[in-house]
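# Tertiary structure, described
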Amino acid sequence: GAVVSQHPSWVICKSGTSVKIECRSLDFQATTMFWYRQFPKQSLMLMATSNEGSKATYEQGVEKDKFLINHASLTLSTLTVTSAHPEDSSFYICSAAGTLANTGELFFGEGSRLTVL
Amino acid sequence: GENVEQHPSTLSVQEGDSAVIKCTYSDSASNYFPWYKQELGKRPQLIIDIRSNVGEKKDQRIAVTLNKTAKHFSLHITETQPEDSAVYFCAASMIQGAQKLVFGQGTRLTINP
């Protein structure tokens, strides 16, 4: 199957700093990438849909100025958590949809665990 | 938008017995229903999926059924093994268009030896 790589896998930062998470599709072109957030013992909640070359579409309740998403190429999307606070500590997972086969299947990155002190 | 409800939240079965997890969805336009297994701290892994033109799909010990009229789908695991212990999520999306997956709340499955 297609491979999606996410980096870093874990990060610890101080409150007030910004953190960037990268999501790359390694062996396919991803026209659309999705960013999810997962709190402990909870489900994956969609934060935003990222389309290459256009502005991301954010889900209701997600602050676009706090969670900056950039999808500059068909293989890379980034999520920047700005002015992070302890309540932003979570597991962030990206997923990508391929361009070749419109099967509905999404391919997930390994996830990035953010801890804000 | 789509809303997916999943039950039960926890399920404990004896090794060798069957486990069934059920989900309902709200948007009749959804036509793709995957099931994921997630181990602690890991990414979700697709274990089986079904599209709305099919009522049932089976892959060895795992099967999924879909009732479009009632808007519900179920995961069946037979002959459960300890390594089946994990959190399972159902999801729904549309193959055409946005393709965004909406997940159920998850089921923590424990297989007792």
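A brief report on the enclosed structure follows. Remember, predicted model here, so these are calculated numbers, not experimental data. (Residues numbered from 1 in each chain as written. Chains lettered and ligands numbered in written order. Predicted model: local features only at pLDDT ≥ 70, side-chain atom pairs only at ≥ 80, totals over all residues. Heavy atoms only, no water.)

### Some thoughts on the side chain of S43 of chain A
Note that S43 of chain A resides in the loop between β4 (30-38) and β5 (45-51). Polar side-chain contacts of S43 of chain A include one of 2.5 Å to the backbone oxygen of G104 of chain B. (Helix = DSSP H or I, 4+ residues; strand = E, 2+ residues; numbered from the N terminus. Polar contact = N/O pair within 3.5 Å; in protein donor to acceptor, adjacent residues only side chain to side chain.)

### Some details on the sheet that holds strand β7 (residues 67-73) of chain A
Residues and elements named next belong to chain A. In spatial order, the strands read β1-β3-β8-β7; together these 4 strands make up an open sheet with antiparallel pairing. Lying at the two open borders of the sheet, with one neighbouring strand each, are β1 (4-7) and β7. Direction aside, the axes of adjacent strands within the sheet are offset by 15° on average. With 6 bridges connecting them, strand β3 (residues 19-25) and strand β8 (residues 76-81) associate as antiparallel partners. Considered in β8, the bridge of E22 is made with T78. (Pairing = 2+ DSSP bridges. Axes fitted to C-alpha atoms, helices over the stretch in contact; angles between N-to-C directions.)

### Some words on the pattern of salt bridges
Pairing between side chains of opposite charge can happen when their charged atoms approach one another. Counted under the stated rule, the structure contains 7 salt bridges over all chains. The residue R24 of chain A makes a salt bridge to E22 of chain A at a minimum N-O spacing of 3.4 Å. Here K100 of chain B and E59 of chain A are joined by a salt bridge, their closest N and O atoms 2.9 Å apart. Taken together, the residues span two chains, with K100 of chain B in the loop between β9 (86-92) and β10 (102-103) and E59 of chain A in the loop between β6 (57-58) and β7. For K100 of chain B, a relative accessible area of 29% gives the class partly exposed. Via salt bridges that share partners, D49, R51 and K57 of chain B belong to a single interconnected network. (Salt bridge = Lys/Arg side-chain N within 4 Å of Asp/Glu carboxyl O. Buried < 20%, exposed > 50% of the residue type's maximum accessible area, 1.4 Å probe, protein only.)

### Let's talk about the state of the cysteines
Residues and elements named next belong to chain A. Inspection of the entire model under this criterion finds 2 disulfides over all chains. The disulfide partner of C23 is C94, and the S-S distance across this bridge is 2.0 Å. Across the S-S bond of C23 and C94 the torsion is about 80°, and the bridge reads as right-handed. Remark: C94 occurs in strand β9 (residues 90-98) and C23 occurs in strand β3; sequence separation between them is 71 residues. (Disulfide = S-S within 2.5 Å.)

### Quick word on the interface of chain A and chain B
On the chain B side, the residues contacting the 23 residues of chain A number 20 residues. Together, the buried faces of chain A and chain B total about 1700 Å²; carbon and sulfur atoms form 52% of this surface. For E110 of chain A, the salt bridge goes to R43 of chain B, with nearest N and O atoms at 4.0 Å. Going through the elements one at a time, β4, β5 and β9 of chain A are the ones with two or more residues in the side of chain A that touches chain B. (Contact = heavy atoms within 4.5 Å. Buried area = accessible area lost by both parts, 1.4 Å probe.)

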